[in-house]
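# Structural characterization, general
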Amino acid sequence: MKDAGFLVSTVDINVYAESAEVFGNVRYTEATSVTERGFVFSPDNMEPTLSSAYVVTAGSGEGDFSATLTDLTPNTTYWVRAYATGEEVTRYGKVIRF
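Here's what I pulled together on the structure shown here. (Residues numbered from 1 in each chain as written. Predicted model: local features only at pLDDT ≥ 70, side-chain atom pairs only at ≥ 80, totals over all residues. Heavy atoms only, no water.)

### Focus on the environment of N45
Checked against the element boundaries, N45 lands in the loop between strand 3 (36–42) and strand 4 (54–57). Each C-alpha atom of the pair N45 and V80 lies 9.3 Å from the other, and the pair is 35 residues apart in sequence. At 2.8 Å, the side chain of N45 and the backbone nitrogen of E47 are in polar contact. (Helix = DSSP H or I, 4+ residues; strand = E, 2+ residues; numbered from the N terminus. Polar contact = N/O pair within 3.5 Å; in protein donor to acceptor, adjacent residues only side chain to side chain.)

Here's what the structure looks like:
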């Protein structure tokens, strides 16, 4: 698998009764291309991935991005993290529990 030249960060989260606004960042470390970025979240999986969680996309490319997770169940623990896909690899940011 080819090494992609980008870093993904899960930056912050604002939690509301039935939604959450999540913030992330993609930073290039070399010439590359991020074709998709967003967030993965789950009430069941402490390390959500594209194949094991709900997915909310938030565009492509480098820079700051955000998305709103909706229809969340009150009084439920969720795990969320940013992701970015490019050059045949997907990278994830740190997991935030809320």
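### A few points about the environment of E62
Mapped onto the fold, E62 is located in the loop between strand 4 and strand 5 (63–69). Between the alpha carbons of E62 and Y16 there is a distance of 27 Å; along the sequence they are 46 residues apart. A distance of 3.0 Å separates a polar side-chain atom of E62 from the backbone nitrogen of Y28.

### Quick look at the side chain of T10
Along the chain, T10 turns up in strand 1 (residues 6–15). Here T10 falls in the buried class, since its relative accessible area comes to 4%. At 2.8 Å, the side chain of T10 forms a polar contact with the backbone nitrogen of A82. Only 2.8 Å separates the side chain of T10 from the backbone oxygen of K94, close enough to count as a polar contact. When sequence neighbours within four positions are dropped, the list of residues in contact with T10 reads V22, F23, R81, A82, G93, K94 and I96. (Buried < 20%, exposed > 50% of the residue type's maximum accessible area, 1.4 Å probe, protein only. Contact = heavy atoms within 4.5 Å.)

### Comments concerning the sheet that holds strand 2 (residues 20–28)
Taken in spatial order, the three strands make up an open sheet running 1-2-5, and their pairing is antiparallel. Two strands lie at the open edges of the sheet, namely strand 1 and strand 5, each paired on one side alone. Sheet twist, expressed as the mean angle between neighbouring strand axes with direction ignored, is 20 degrees. As paired strands, strand 2 and strand 5 are joined by seven bridges and run antiparallel to one another. For A20, the partnering residue across the bridge sits in strand 5 and is L69. (Pairing = 2+ DSSP bridges. Axes fitted to C-alpha atoms, helices over the stretch in contact; angles between N-to-C directions.)

### Points about the packing of aromatic side chains
Summed over the entire model, instances satisfying the criterion amount to four aromatic pairs. Centre to centre, the rings of F39 and F65 are 5.1 Å apart; their planes meet at 40 degrees, and the pair counts as tilted. Taken together, the residues span a long stretch of sequence, with F39 in strand 3 and F65 in strand 5 at a distance of 26 residues. Take F39: its relative accessible area is 0%, and that puts it in the buried class. Seen from the ring of Y92, R81 lies directly overhead, with NZ or CZ sitting 4.3 Å from the centre. (Phe/Tyr/Trp six-rings, centres within 6.5 Å; stacked < 30°, edge-to-face > 60°. Lys NZ or Arg CZ within 6 Å of the ring centre and 35° of its normal.)

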